[in-house]
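# Analysis of the macromolecular model
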Amino acid sequence: MSDRQALMEKWLTADCGLKDFSLRPASADASFRRYFRLTSPDGSTRIVMDAPPDKEDCAPFVDVARRMREVGVHAPEVLEQDLRQGFLLLEDLGGQDYLGALDDASVERLYGDALGALMTMQACIDPTGLPDYDRDLLLGEMALFRDWLLGTHLDLALGEEDELMLASVFETLADAALEQPRVFVHRDYHSRNLMAGIEHAPGVLDFQDAVRGPVTYDAVSLLRDCYVSWPAQQVDEWAWGFFQLAVQSGVMREEQEDLFLRWFDLMGAQRHLKAAGIFARLNHRDGKPGYLADIPRTLGYIVEVARRQPELASLAEFISTRVLPRL
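Below, the structure is looked at part by part. (Residues numbered from 1 in each chain as written. Predicted model: local features only at pLDDT ≥ 70, side-chain atom pairs only at ≥ 80, totals over all residues. Heavy atoms only, no water.)

### As for the overall build of the protein chain
Looking only at helices and strands, the protein chain has 11 helices and 9 strands in total. Here the C-alpha atoms of the protein chain give a radius of gyration of 20 Å, agreeing with the 20 Å that 2.2 N^0.38 yields for 327 residues. Dimensions of the protein chain, computed from the C-alpha atoms along their principal axes, are close to 60 × 45 × 40 Å. For the protein chain, buried positions account for 52% of its 327 residues. With an accessible surface of roughly 14300 Å², the protein chain has 48% of that area assigned to carbon and sulfur atoms. (Helix = DSSP H or I, 4+ residues; strand = E, 2+ residues; numbered from the N terminus. Rg over C-alpha atoms; globule rule 2.2 N^0.38 Å. Buried < 20%, exposed > 50% of the residue type's maximum accessible area, 1.4 Å probe, protein only. Areas by Shrake-Rupley, 256 points an atom, 1.4 Å probe, with all protein chains shown as cover.)

### Examining empty space enclosed by the protein
By the definition in use, this model includes 1 cavity of 30 Å³ or more. Lining the largest cavity are R224, D265, G268, A269, H272, Y301, I302 and V305. Of all the secondary-structure elements, those providing two or more residues to the lining of the largest cavity are α9 (257-284) and α10 (295-305). The greatest single-element share of the lining of the largest cavity, amounting to 4 residues, is contributed by α9. (1 Å grid on protein atoms, 1.4 Å probe; cavity = no way out; pocket = protein on both sides within 12 Å on 5 of 7 lines; lining within 4 Å. Points joined across faces, edges and corners; volume = space filled by probe spheres on them.)

### Let's talk about the nonpolar core
Counting residues in hydrophobic clusters, the biggest one holds 98 residues, and the most contacted among them are M68, Y111 and F145. No other element matches α9, which puts 12 residues into this core. Those residues in contact with M68, other than ones at most four positions away along the chain, are V73, A75, M121, I125, F184, V204 and F207. (Core = buried A, V, L, I, M, F, W, Y, C linked by side-chain atoms within 4.5 Å. Contact = heavy atoms within 4.5 Å.)

### Some words on unusual backbone geometry
Of note, the amide linkage connecting A201 to P202 takes the cis form, showing an omega dihedral of 0°. Relative to the helices and strands, P202 is located in the loop between β7 (194-195) and β8 (203-204). Of note in the backbone geometry, D155 takes a positive phi value of approximately 50° without being a glycine. Here D155 shows up in the loop between α5 (135-153) and α6 (160-179). According to the relative accessible area criterion, D155 is exposed, its value standing at 64%.

### A short note on the pattern of salt bridges
In this structure the tally under the stated criterion is 29 salt bridges. Here E141 makes a salt bridge to K274, at a shortest N to O gap of 3.5 Å. Placement of the pair is E141 in helix α5 and K274 in helix α9, with a sequence separation of 133 residues. Judged on exposure class, the residue E141 and its partner K274 are both buried. With its nearest N and O atoms 2.9 Å apart, the salt bridge here joins E255 to R253. (Salt bridge = Lys/Arg side-chain N within 4 Å of Asp/Glu carboxyl O.)

### A word on the side chain of N283
Locating N283 in the fold gives a position in helix α9. Taking relative accessible area as the criterion, N283 reaches 18% and is therefore assigned buried. There is a polar contact of 3.3 Å between the side chain of N283 and the side chain of H284. In contact with N283, other than residues within four places in its own chain, are H153, K288, P289 and L292. (Polar contact = N/O pair within 3.5 Å; in protein donor to acceptor, adjacent residues only side chain to side chain.)

### Comments concerning the packing of α6 against helix α11 (residues 313-323)
Where α6 meets α11, the axes come as close as 10 Å, and the angle between the chain directions of the two elements is 130°. With respect to α11, the element α6 is oriented oblique. Along this stretch, α6 crosses α11, giving a crossing that reads as left-handed. Note on element contacts: α11 touches α6 through S314, L315, F318 and R322, opposite D162, M165, L166 and V169. Each residue belonging to the contact of α6 with α11 can be placed in one class, and the counts come to 5 nonpolar, 1 polar and 2 charged. (Axes fitted to C-alpha atoms, helices over the stretch in contact; angles between N-to-C directions. Parallel < 35°, antiparallel > 145°, perpendicular 65-115°, else oblique. Left-handed = near helix turned anticlockwise from the far one by under 90°. Nonpolar A, V, L, I, M, F, W, Y, C, P; charged D, E, K, R; others polar.)

### Thoughts on the environment of V247
Here V247 lies in helix α8 (residues 232-248). Sequence separation of V247 and P25 is 222 residues, and the distance between their C-alpha atoms is 42 Å. Not counting the four nearest positions on each side in its chain, V247 is found in contact with M252, R253 and E254.

### Digging into the sheet that holds strand β3 (residues 45-50)
Overall, antiparallel pairing links the 5 strands, which are arranged β1-β2-β3-β5-β4 in an open sheet. On the outer flanks of this sheet lie β1 (22-27) and β4 (78-82), each paired with one strand and no other. Each adjacent strand pair in this sheet contributes to an overall mean axis angle of 25°, direction not counted. Pairing geometry for β4 and strand β5 (residues 87-91), over 4 bridges, is antiparallel. By the bridge assignment, Q81 is partnered in β5 with L88. Each of β1, β2 (34-39), β3, β4 and β5 is contacted by helix α1 (residues 3-14), which is oriented at about 60° to β5, the strand it contacts most. (Pairing = 2+ DSSP bridges.)

In structure tokens form, the structure reads like this:
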């Protein structure tokens with residue numbers, strides 16, 4: 001048993017008053033956090049989060065969980081906490097995520113629930129006090145694509161024209177993000193972080209990096225998911241449904257209709273550049289190669305939407321001719 005696990009079990013016993021429990025890994029995570037499912041002798045289960053305090057901070061998780069639960073969104077209840085040691089005892093939202101539950105028969109219902117929960121968050125959660133999704137953060141995320149995917153993973157030499165093109169596109173995408181209404185942004189709202197098959201679905205996880213940011217960010221994360229894809233026309237229909245819901249909820253205005261699809265497409269491009277870079281970093285820095293298979297789908301969205309967003313044409317050409325073949 002590792003020192004960290006021994007410390008966690010001591011906390012569960014001495015501070016949480018739990019006895020005769022068993023622990024098993026509950027899920028993988030793309031961070032330094034680890035999750036365990038704790039089973040008590042009576043068969044009830046809870047989730048233990050282990051977030052080493054030198055690498056992770058549990059306080060944002062506790063804060064955002066409270067904000068979400070106060071407006072009726074089903075984030076896990078925090079049952080016990082030790083922020084100094086980096087341990088949380090949480091409500092168990094089950095083991096059925098959206099990724100495993102989605103199919104042609106269930107997708108309309110599941111996405112309807114997810115978009116409803118998203119609109120509740122955007123319309124009802126005051127993002128005051130959360131970090132701002134500012135230009136530096138937006139550009140820093142896109143630099144992950146250049147540094148980790150193009151550089152470290154593909155060892156792709158970039159010429160001066162390539163560098164200028166990427167810098168120009170990155171600025172355009174940041175500008176488009178900063179033009180949008182600012183709301184609560186979950187920042188990782190997709191099929192692996194939404195739980196199905198429970199009361200008050202969806203259960204919502206992995207929200208500790210929430211920020212105040214662009215209104216389309218979470219919607220495009222959900223509808224152009226890095227882990228599962230749907231026909232482009234269907235995605236557009238869902239996106240327009242989200243826009244109408246946002247107008248009805250006072251989050252957006254009807255006169256923003258002409259801007260909405262551009263914002264949605266360009267926000268997706270920003271996110272997908274970031275995600276592709278993170279997937280490469282997970283492989284090379286953290287020894288987690290499983291995400292590499294999702295990079296072609298993730299970058300494929302950019303190629304797809306470039307057909308109607310001319311600002312993305314040069315980037316899409318670069319991805320199509322220089323990146324995807326090397327993957």
